[in-house]
2 protein chains.
Amino acid sequence: MQVHSPIPTLSVKSCEERQQHLVRLMEEQQLDAVLIGDPRHVHYYAAYWERPFFAPLFLMTRDGVRTLVMPFECDWPTAVDIKKNYIFNKVATMVEEQLQNSLLELSTELHNVKRLGVDFGIRPGLLPVEGIEQVDLYPAILKQRRRKYDDEIELFKRLFQTTEAAYEYVRENLKVGVTEVELYAGMMQILGNLQGEHFGFFGNDFRCGEGGGLPRYRPAESGELAVIDLGVECRGYRSDMCRTIAVDSPSAAQEEAREQVLEAIQLVESSVRPGVSCREVYENAYNSLNDYRGWSFPHHLGHGLGLSPHEAPHLNPEWDDYFEVGDLFTVEPGLYHDELKGGLRIEEVYYLGESGLEKITTIPTGY
Amino acid sequence: MQVHSPIPTLSVKSCEERQQHLVRLMEEQQLDAVLIGDPRHVHYYAAYWERPFFAPLFLMTRDGVRTLVMPFECDWPTAVDIKKNYIFNKVATMVEEQLQNSLLELSTELHNVKRLGVDFGIRPGLLPVEGIEQVDLYPAILKQRRRKYDDEIELFKRLFQTTEAAYEYVRENLKVGVTEVELYAGMMQILGNLQGEHFGFFGNDFRCGEGGGLPRYRPAESGELAVIDLGVECRGYRSDMCRTIAVDSPSAAQEEAREQVLEAIQLVESSVRPGVSCREVYENAYNSLNDYRGWSFPHHLGHGLGLSPHEAPHLNPEWDDYFEVGDLFTVEPGLYHDELKGGLRIEEVYYLGESGLEKITTIPTGY
């Protein structure tokens, strides 16, 4: 009987800190209310989370009153003043119009609203009050999301415990003849056991002998590397890391590539602090890796983690971000070439807190 | 090395049949174009499907021209005239504004559109042309979805092959002391192996000794029943079935409940044909089950399957549906009471085709 530590919930305290940003947005943009409908953001601001298919809503009016509309209570405290239930099923059949029914519960609250901030799209006619001007708050919320709060970091640490176990499974089970799908399915079992709940879409790269891609019914061959890049999606949040594991004994070239990639990671570790250009950090890594022995480093160096697969900060030449306190981000240099039989990527995760850079990933990087 | 049959794709022919409904809607509602943004419906009409996080769009204009905006090609034929790519990533980092970028590709096509049918909500300001009146087509599309086309039935048959394997796993592995989470995780491995791709949220009921609920780190006890109700979500479609499996030897009461439930299923099988009231079928089952020996039957008798967990037809007293050719639906009578140590539900799935009622589920119903 395998029992893992419970998944930490978002805290009322941190939610209320985050809600202050909505208060500021209402003032700045002269909004009468803010209506949050993206389930990830309902969780972020109100600590309410339920399974997919439901349509919880979080409304905050200019007077500071917070209303949650939900199908039913969740198992932990939420950061709201008023709770309402919407009709989500009848005699156990889920109604199709979850969002419509949820919005209907806000008819009174929306009655005097002229300007409404929203973070989601509402189909024409679904808002129960006519003539409300909607203002898109998604970009402003996305900006806020970059800085991770204490409760988010606690949740992420727990998610990486689960995530890392999948790699230990691959290390034990990857052998000549094992198919990529077998490994993929085996990891699901590990993740399911440790997470104990649905963990969403969990990655794109599960191949042997290639730099990435979805799993195939193809047996692993001697000499190949498997680039395994995955995360668990838990209540909207997504972990993400990568290890490269050898099917059998790594070649001298594969070992050399690994050393080069680890050097790039050390270079990043020694240079990241608030105010440093993410693009420059990318460029330094790129210069040290790309074309080394003719091998290539064709992708970003890293990205922020949170409620989307990729967020700020972007360690990427196409963005112009600078590191800030509160950043949670990946560093994932790699080297790819046919000579490496699949190539190599190592992805570590860091939190840049008040007291400096903290590494969140813990498992070894060896083959 | 376990290899399963490939998952059938939706066919261009059936997509084009389904598109005729959009043509009719444009005529009836005097629309200049229809913009489909729900990824399930892009799949339904255009046969395009990709993993989550992307924002493909399908536009059909009054002249019949069909445009698909996508991040990249999928691996099978699509039912469109023009394909466009939107910017979904830069140097491997996913851009946050998938939908905004996807919509931008339609600036020209939307230029002269005055009335636009839509099936999804668009955040204020994201449509690249101003002054377009939006008309909600979701209810009309939902109505169309009830009738299942040939390609959908083929896909469902394949999904149920995967789904049923999870039950065989439970039958082999449910023993005193096994936790619900262990079974849940083990089923994930089975489903992952047979599906070979992401299968989404897969069910709500995984408990022993209770009528339903999410899995716990709780060991199964002697005498209990496990009501296992799950499905796989594949490219938007969701299978759904239920078997009840005994931890060890079933009691006489549990056996009797099972016989009663099977009788209810036979009653349904013998009465369903086009034009029959779904509510009456529910009521007959309810009368034969509820309060039998003081046990209860508190939930619906069944529901349609498709792109939502529950669709029409509703075998439920709160709806007034009548069976139609093209219905794909579940029949799931149950009996619950402490005396049954968890209660019992059996869920079979049927397709009401031109030639009569076909049972889609195949595995035995015994404990």
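Everything numeric in this text was worked out from a predicted model, so none of it was measured.

**Some thoughts on the pattern of salt bridges**
All names here are of chain A.
- In the structure shown here, the tally under the stated rule is 68 salt bridges over all chains.
- Notably, a salt bridge pairs R293 with E256, separated by 2.6 Å at the nearest N-O pair. Note that R293 is positioned in the loop between α8 (278–289) and β14 (302–304) and E256 in helix α7 (residues 252–271), a separation of 37 residues in sequence.
- Note that E348 is salt-bridged to K359, the shortest N-O span being 3.4 Å. Placement of E348 in strand β19 (residues 348–353) and of K359 in strand β20 (residues 356–359) is noted, with a sequence separation of 11 residues between them.
- Put simply, E180, R207, E210, R216, R218, E221 and E224 are held in one network by salt bridges that share partners.

**Some thoughts on the pairing of strand β9 (residues 203–208) of chain B**
Residue and element names in this part refer to chain B.
- Counting buried positions over the six residues of β9 gives five, a clear majority of the element.
- Bridge analysis of β9 against strand β10 (residues 225–230) gives five bridges, and the strand direction is antiparallel. Looking at β10, one finds that D205 is bridged to D229.

**What to know about the nonpolar core**
- M187 of chain A together with M187 of chain B are the most contacted members of the largest nonpolar core, which has 130 residues in total.
- Setting aside its immediate chain neighbours within four residues, M187 of chain B contacts A166, Y169, V170, F202, F206, I228 and L230 of chain B.
- Counting 30 residues, the second largest nonpolar core, distinct from the first, contains L225, V268, L340 and L352 of chain A.

**Some thoughts on the UniProt feature "domain: Creatinase N-terminal" (unreviewed entry) in chain A**
- The sites that UniProt annotates as "domain: Creatinase N-terminal" (unreviewed entry) are residues 18–120 of chain A.
- In residues 18–120 of chain A, helix accounts for 25% and strand for 25%; the two terminal C-alpha atoms are 18 Å from one another.

**Regarding the interface of chain B and chain A**
- The interface of chain B with chain A comprises 67 residues on the first partner and 67 residues on the second.
- Of the roughly 5400 Å² buried where chain B meets chain A, counting both sides, 64% is carbon and sulfur surface.
- Inspection of the chain B/chain A interface yields two salt bridges.
- For D136 of chain A, the salt bridge is made with R123 of chain B, and the minimal N-O distance between the two is 2.8 Å.
- Where chain B touches chain A, the interface holds 24 residue pairs in polar contact (both at pLDDT 80 or more).
- Per-element tally for the side of chain B that touches chain A: the top contributor is helix α6 (residues 180–195) of chain B, with 11 residues.

**Description of the relation of the copies chain B and chain A**
- Once chain B has been moved 0.0 Å along the axis and rotated by 180 degrees, it coincides with chain A to within an RMSD of 0.0 Å. Read as a symmetry element, the transformation amounts to a two-fold axis. Measuring from the rotation axis to each C-alpha of chain B, the shortest distance belongs to G121 of chain B, at 2.0 Å.
- When the interface residues of chain B are mapped onto chain A, 100% of them are again interface residues, pointing to one common binding face.

**Observations concerning the packing of aromatic side chains**
Residues and elements named next belong to chain A.
- Going through the model one piece at a time under the given rule, you end up with 34 aromatic pairs over all chains.
- Measuring from centroid to centroid gives 5.0 Å for F323 and F329, while their planes differ by 50 degrees, and the two rings are tilted. Side by side, F323 and F329 carry an identical accessibility label, which is buried.
- Three or more aromatic residues joined by ring pairs form one cluster here, namely Y184, F199, F202 and F206.

**Things to note about helix α7 (residues 252–271) of chain B**
All names here are of chain B.
- Compared with the 28 Å implied by 1.5 Å per residue over 20 residues, the 29 Å span of α7 between its first and last C-alpha is a close match.
- Turning to α7, its buried residues are A253, Q254, A257, R258, Q260, V261, A264, I265 and V268. For α7, the angular spread of the buried residues around the axis is 165 degrees, confining them to a single face. For α7, exposure combined with an orientation more than 90 degrees from the buried face picks out A252, Q266 and S270.
- Next to the buried residues of α7 lie β10, α8 (278–289), β16 (327–331), β17 (334–335), β18 (344–345) and β19 (348–353).

**With respect to the sheet that holds strand β13 (residues 241–246) of chain B**
Residues and elements named next belong to chain B.
- Strand order across the open sheet formed by three strands is β9-β10-β13, with antiparallel pairing between neighbours. Here the strands that pair on one side only, and so sit at the sheet edges, are β9 and β13. On average, each strand axis in the sheet is inclined to that of its neighbour by 15 degrees, with strand direction left out of account.
- Packing against the sheet, helix α5 (residues 150–173) makes contact with β10 and β13, and its axis sits at approximately 10 degrees to β13.
- Strand contacts of α6: β9 and β10, with the helix running at about 135 degrees to β9, the strand carrying the most contacts.

**With respect to unusual backbone geometry**
- With an omega dihedral of 0 degrees, the bond running from A312 of chain A to P313 of chain A counts as a cis peptide bond.
- We note that A47 of chain B has phi near 65 degrees; this positive angle belongs to a residue other than glycine.
- Summarising the element assignment, A47 of chain B is placed in the loop between α2 (39–46) and β2 (57–61).
- For A47 of chain B, a relative accessible area of 0% gives the class buried.

**Quick look at helix α2 (residues 39–46) of chain A**
- For α2 of chain A, the tally of buried residues reaches seven of eight residues, placing the bulk of the element in the interior.
- Just past α2 of chain A, the residue A47 of chain A takes up positive phi, approximately 65 degrees.

**Observations concerning the sheet that holds strand β7 (residues 115–118) of chain B**
All names here are of chain B.
- What the six strands build is an open sheet, ordered β4-β3-β2-β1-β7-β8; its pairing is mixed. Whereas interior strands pair on both sides, the edge strands pair on one side only; in this sheet they are β4 (82–85) and β8 (133–136). In this sheet, adjacent strand axes meet at a mean angle of 25 degrees when their direction is disregarded.
- Inspection of the sheet shows strand β1 (residues 33–36) paired to β2 by four bridges, in the antiparallel sense. Bridged to I36 within β2 is F58.
- Lying over the sheet, helix α1 (residues 12–28) contacts β1, β2 and β3 (66–70), oriented at roughly 55 degrees with respect to β2.
- On the sheet, α2 packs against β1, β2 and β3 and is oriented at approximately 55 degrees with respect to β2.

**Observations concerning the packing of α1 of chain B against α2 of chain B**
Residue and element names in this part refer to chain B.
- As a packed pair, α1 and α2 sit with axes 7 Å apart at the nearest point and diverge in direction by 115 degrees. As far as their axial angle goes, α2 and α1 are roughly perpendicular. For the pair α1 and α2, contact is made by C15, R18, Q19, H21 and L22 and by H43, Y44, Y45 and A46, respectively.
- A class-by-class count of the residues in the contact of α1 with α2 yields five nonpolar, three polar and one charged.

Calculation notes
Residues numbered from 1 in each chain as written. Chains lettered and ligands numbered in written order. Predicted model: local features only at pLDDT ≥ 70, side-chain atom pairs only at ≥ 80, totals over all residues. Heavy atoms only, no water. Salt bridge = Lys/Arg side-chain N within 4 Å of Asp/Glu carboxyl O. Helix = DSSP H or I, 4+ residues; strand = E, 2+ residues; numbered from the N terminus. Buried < 20%, exposed > 50% of the residue type's maximum accessible area, 1.4 Å probe, protein only. Pairing = 2+ DSSP bridges. Core = buried A, V, L, I, M, F, W, Y, C linked by side-chain atoms within 4.5 Å. Contact = heavy atoms within 4.5 Å. UniProt positions renumbered as here; feature names shortened; annotations may be inferred. Buried area = accessible area lost by both parts, 1.4 Å probe. Polar contact = N/O pair within 3.5 Å; in protein donor to acceptor, adjacent residues only side chain to side chain. Least-squares fit on C-alpha atoms with pLDDT ≥ 70 in both. Phe/Tyr/Trp six-rings, centres within 6.5 Å; stacked < 30°, edge-to-face > 60°. Expected span 1.5 Å × (residues − 1). Arc of directions from axis to C-beta. Axes fitted to C-alpha atoms, helices over the stretch in contact; angles between N-to-C directions. Parallel < 35°, antiparallel > 145°, perpendicular 65-115°, else oblique. Nonpolar A, V, L, I, M, F, W, Y, C, P; charged D, E, K, R; others polar.

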